[in-house]
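Observations on the three-dimensional arrangement
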2 protein chains.
Amino acid sequence: MRIGELAERTGTPRRLLRYYEEQELIMPTRCANGYRDYDERFVDRVVQIRGLLDAGLPTRIIKQILPCLDKPRVIHFKDATPEMLATLEGELDRMNHRIACLTRNRDAIEEYLGVVRQDKASGPSAQSPGGR
Amino acid sequence: MRIGELAERTGTPRRLLRYYEEQELIMPTRCANGYRDYDERFVDRVVQIRGLLDAGLPTRIIKQILPCLDKPRVIHFKDATPEMLATLEGELDRMNHRIACLTRNRDAIEEYLGVVRQDKASGPSAQSPGGR
DNA sequence: TCGAACCATCACATAGATGTGAGGGTCAAA
DNA sequence: TTTGACCCTCACATCTATGTGATGGTTCGA
């Protein structure tokens, strides 16, 4: 598939698809005329990339993470240098922190919304402390 | 406490503490001489802010989230305009997506590291598919 | 064969978070 | 009183992910 279709199917501007390629996150083949040629698997890959970017990971790190997601992954073992493994460990750690932080705050927001909604429902002027 | 101490206790450059203030995420009082004066609660707050920034939220959103975290929160109810609630709902959603994405990828990395480590241990040249 | 709808590269612009440094005030201890 | 370690406010630089547009090639159907 060409860049336009991939862009549409992933909701990603073409500009960014080219950017991700420049950052070596995706490596489409080229048709005879020079057009980029993406195979089906790139749809998920791009969605993955966007999710990680949105979650605060830089392309540099995403590039290291992506190979871990390939299944079957048998082929990729030789690439695993000790430094890369260390990077991954570190990144795993940071991801856990992020998850913890997001979860904590999500729960807080959820609780807040719950209380506020209930408050609105039972009377706009009442400010029940919710009994602590 | 002054900015230097807060910087040290939160591991945050002074520059950024001033930046967060400019973005109205934190509003320290001022001493007579113009120095910023942070009270104890700012330590947690700054850590919170940094966590959220690291997780990909922009200051604009963090600013809206922070009031939800204050406990007791009784005072803050009147601020809750319908638009703000809608924003929070939306942000809650995005946070859930982020959490899901991070969790998925974290698990994949974890599994990858597990397999690779086992592989290293049992013999560097073996490439067991891991049995599905 | 022409035009619309693709594609390509290149370059410059923006926005947000952060680094860095200049120029200058405050204050306490030597 | 001077010095060192703080603090202040600019202001400009940098990096990353993005937006936007110029310029031009390819393909295909009218």
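Residues numbered from 1 in each chain as written. Chains lettered and ligands numbered in written order. Predicted model: local features only at pLDDT ≥ 70, side-chain atom pairs only at ≥ 80, totals over all residues. Heavy atoms only, no water.

The name that an unreviewed UniProt entry assigns to chain A is MerR family transcriptional regulator, with the source organism given as Nonomuraea montanisoli.

Across its full length, chain A carries five helices and two strands. Start at the N end of chain A and walk to the C end: the helices and strands fall as α-α-β-β-α-α-α. Residues counted as buried form 41% of the 132 residues belonging to chain A. The contacts of chain A with a sequence gap of at least 6 include a subset with a gap of at least 24, amounting to 46%. (Helix = DSSP H or I, 4+ residues; strand = E, 2+ residues; numbered from the N terminus. Buried < 20%, exposed > 50% of the residue type's maximum accessible area, 1.4 Å probe, protein only. Contact = heavy atoms within 4.5 Å.)

One pass over the full model with this rule turns up four aromatic pairs over all chains. Aromatic side chains A:Tyr38 and A:Phe42 sit 5.6 Å apart centroid to centroid with 85° between the ring planes, which places their arrangement in the edge-to-face category. (Phe/Tyr/Trp six-rings, centres within 6.5 Å; stacked < 30°, edge-to-face > 60°.)

Turning next to the protein's contact with DNA strand C. Within the structure, DNA strand C sits among 21 residues, and A:Gly4, A:Arg14, A:Arg36, B:Tyr19 and B:Tyr35 are positioned closest to it. For DNA strand C, the backbone portion of the atoms within 4 Å of the protein, that is sugar and phosphate, comes to 69%. Side-chain polar atom of A:Arg18 to a phosphate oxygen of DNA strand C: 2.9 Å apart, as the coordinates give it. Here B:Tyr35 contributes a side-chain N or O atom positioned 2.8 Å from a base nitrogen of DNA strand C. (Near = heavy atom within 4 Å. Polar contact = N/O pair within 3.5 Å; in protein donor to acceptor, adjacent residues only side chain to side chain.)

All names here are of chain A. In this structure, Glu24 takes a positive phi of about 65° despite not being glycine. Relative to the helices and strands, Glu24 resides in the loop between helix 2 (14–22) and strand 1 (29–30). For Glu24, a relative accessible area of 44% corresponds to the partly exposed category.

To continue, consider the protein's contact with DNA strand D. Around DNA strand D sit 20 residues in total, of which A:Tyr19, A:Thr59, B:Gly4, B:Arg14 and B:Arg36 are the nearest. Sugar and phosphate atoms constitute 67% of the interface atoms of DNA strand D, taking the interface as everything within 4 Å of the protein. A:Tyr35 places a polar side-chain atom, nitrogen or oxygen, 2.8 Å from a base nitrogen of DNA strand D. Here a phosphate oxygen of DNA strand D and a backbone polar atom of B:Gly4 are 2.5 Å apart.

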